[in-house]
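Each chain, written out:
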Amino acid sequence: GNAGGALLGVMAKPAAAATANDVAIANFALTLEYLEASFYADAVANGALSGKTATFAKIVAQHEAAHVAALKKMPGSAAIAKPSFNFKGTTENQAKFQKTAMVLEDEGVAAYKGQAGNIDSTAVLNAALAIHTVEAHHASWIRHILGLSPAPVAFDQPKSMQQVLADVKATEFLASAPAMKKSGTSPAFTG
């Protein structure tokens, strides 16, 4: 709906990642957004959600798809390909979906915060911040649905790229590693 359209308006002219560093960060963010977009699309397609949770999933699925579309443009031809995912039943059970969504949204907020100071281009930083704040809204929304404090702390802690990638790997949702278009432009999933 409108929220997705408004985000696309903000990102209508996405920033191009001009430096190798910004390409790596854009691909890192794209990996997270592929994960989130696939998670929500899968949940919506499965039809196991109801009420406020179903509404949340449908709207957030649109947002995450818009994030993927915008982020794919930043690294241009160096953009990573979408990996495949296996959500291990978490998108087929409302309670599991809610808990997993909260973890993924909190992770996204921490990941963007962790990279903000590392971005070279102001345009790329502004684009990342436009997504970061929406991820924070998502985190608050799912916490509210769960009956938890929407804002549990006064200061969010950042996570490094290595911490986030380790967390993503630990979910075991990643069925295939993201395919790198250019060697060295994006973090590899190793461990």
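Okay, so let's go over this structure. Each chain carries its own residue numbering, running from 1 in the direction its sequence is written. Only residues with pLDDT of at least 70 get local features here, since the model is predicted, and only at 80 or more are side-chain atom pairs given and counted; chain-wide, interface and lining totals rely on the full set of residues. The side-chain figures draw on all heavy atoms in the structure; neither hydrogens nor water molecules are used.

## Some points on the overall build of the chain
For clarity, the cut-off: Runs of H or I in DSSP of at least four residues are treated as helices and runs of E of at least two as strands, each being numbered from the N terminus. Residue exposure (1.4 Å probe, protein chains only): buried if accessible area is under 20% of the type maximum, exposed if over 50%, otherwise partly exposed. For this analysis, residues touch if any pair of their heavy atoms sits within 4.5 Å. Surface exposure here means Shrake-Rupley accessible area, sampled with a 1.4 Å probe, where a residue is shielded only by the protein chains that are shown.
Along the backbone of the chain there are 6 helices and 0 strands. Going residue by residue from the N terminus, the α and β elements of the chain occur as α-α-α-α-α-α. Out of the 191 residues in the chain, the part that is buried amounts to 46%. Contacts in the chain between residues far apart in sequence, at least 24 positions, make up 84% of those at least 6 positions apart. Surface accessibility of the chain: about 9,000 Å² in total, with carbon and sulfur atoms responsible for 57%.

## Description of helix H6 (residues 161-171)
Rule in force here: Working note: the arc is built from the helix axis to C-beta atom directions.
Of the residues making up H6, those classed as buried are Met161, Val164, Leu165 and Val168. In a view along the axis of H6, the buried residues occupy a sector of 95°, so they form one face of it. Opposite the packed face of H6, turned more than 90 degrees from it, sit the exposed residues Gln162 and Ala170. Positioned one or two residues after H6, Glu172 has a phi angle of 60°, which is positive.

## Comments concerning empty space enclosed by the protein
Put simply, the rule is: The method works on a 1 Å grid over the protein atoms by themselves. A cavity is a set of points holding a 1.4 Å probe that cannot get out, a pocket is an open set with protein on both sides within 12 Å along at least five of seven lines, and residues with an atom within 4 Å of a point line them. Grid points are joined across faces, edges and corners, and a volume is the space filled by probe spheres set on the points. Residue classes follow a fixed rule: Ala, Val, Leu, Ile, Met, Phe, Trp, Tyr, Cys and Pro count as nonpolar, while Asp, Glu, Lys and Arg count as charged, and any other residue, Gly among them, counts as polar.
One pass over the full model with this rule turns up 2 cavities of 30 Å³ or more. The volume enclosed by the largest cavity comes to roughly 110 Å³. When contributions to the lining of the largest cavity are tallied by element, the ones reaching two or more residues are helix H2 (20-46), helix H4 (94-116) and helix H5 (122-145). Broken down by element, the lining of the largest cavity gets its largest block of residues, 5 residues, from H2. When its residues are assigned to classes, the lining of the largest cavity shows 13 nonpolar, 1 polar and no charged. Approximately 40 Å³ is the volume attributed to the second largest cavity. Forming the boundary of the second largest cavity are Leu32, Leu35, Glu36, Leu104, Glu107, Gly108 and Val168. Of all the elements in the fold, those that place two or more residues in the lining of the second largest cavity are H2 and H4.

## Overview of the pattern of salt bridges
Heads up, the rule is: Every case where a carboxyl oxygen of Asp or Glu lies within 4 Å of a side-chain nitrogen of Lys or Arg is listed as a salt bridge.
What the rule picks out here adds up to 3 salt bridges. What emerges from the salt-bridge pattern is a single network uniting Glu107, Lys159 and Asp167.

## With respect to unusual backbone geometry
The residue Lys88 is not glycine, and still its phi comes out positive at about 50°. Residues other than glycine seldom take positive phi values, yet Glu172 does so here, at roughly 60°. Tracing the chain through its elements places Glu172 in the segment after H6.

## With respect to the packing of aromatic side chains
What counts is decided by this rule: We call Phe, Tyr and Trp rings a pair once their centres come within 6.5 Å, taking the six-membered ring for Trp, and we label the pair stacked below 30 degrees between planes, edge-to-face above 60, and tilted otherwise.
Applying the stated criterion across every chain yields a total of 9 aromatic pairs. Taking 5.1 Å as the distance between ring centres and 5° as the angle between the ring planes, the aromatic pair formed by Phe39 and Phe97 counts as stacked. One end of the pair, Phe39, is in helix H2; the other, Phe97, is in helix H4, and 58 residues separate them in sequence. In this structure Phe97 comes out as buried when scored by relative accessible area, which is 0%. Plain terms: the ring middles of Phe85 and Phe87 are 5.7 Å apart, the flat faces sit at 15° to each other, and that makes the pair stacked. A single burial state applies to Phe85 and to Phe87, both of which are buried. Here the aromatic residues Phe39, Tyr40, Phe56, Phe85, Phe87, Phe97, Trp141 and Phe173 are joined through ring pairs into a cluster of three or more.

## What about H5?
Rules: The length a helix should cover is 1.5 Å for every residue beyond the first. Each polar contact in these results corresponds to two N or O atoms within 3.5 Å; when the atoms are within protein, one needs to be able to donate a hydrogen and the other to accept it, and residues that are neighboring in sequence are counted only if both atoms are side-chain atoms.
The terminal C-alpha atoms of H5, which comprises 24 residues, lie 35 Å apart, in line with the 34 Å expected from a rise of 1.5 Å per residue. Between the side-chain oxygen at the start of H5 and the backbone nitrogen of Ala123 there is a gap of 3.1 Å, and the oxygen is on Ser121. The first or second residue beyond H5 is Gly147, which carries a positive phi of 80°.

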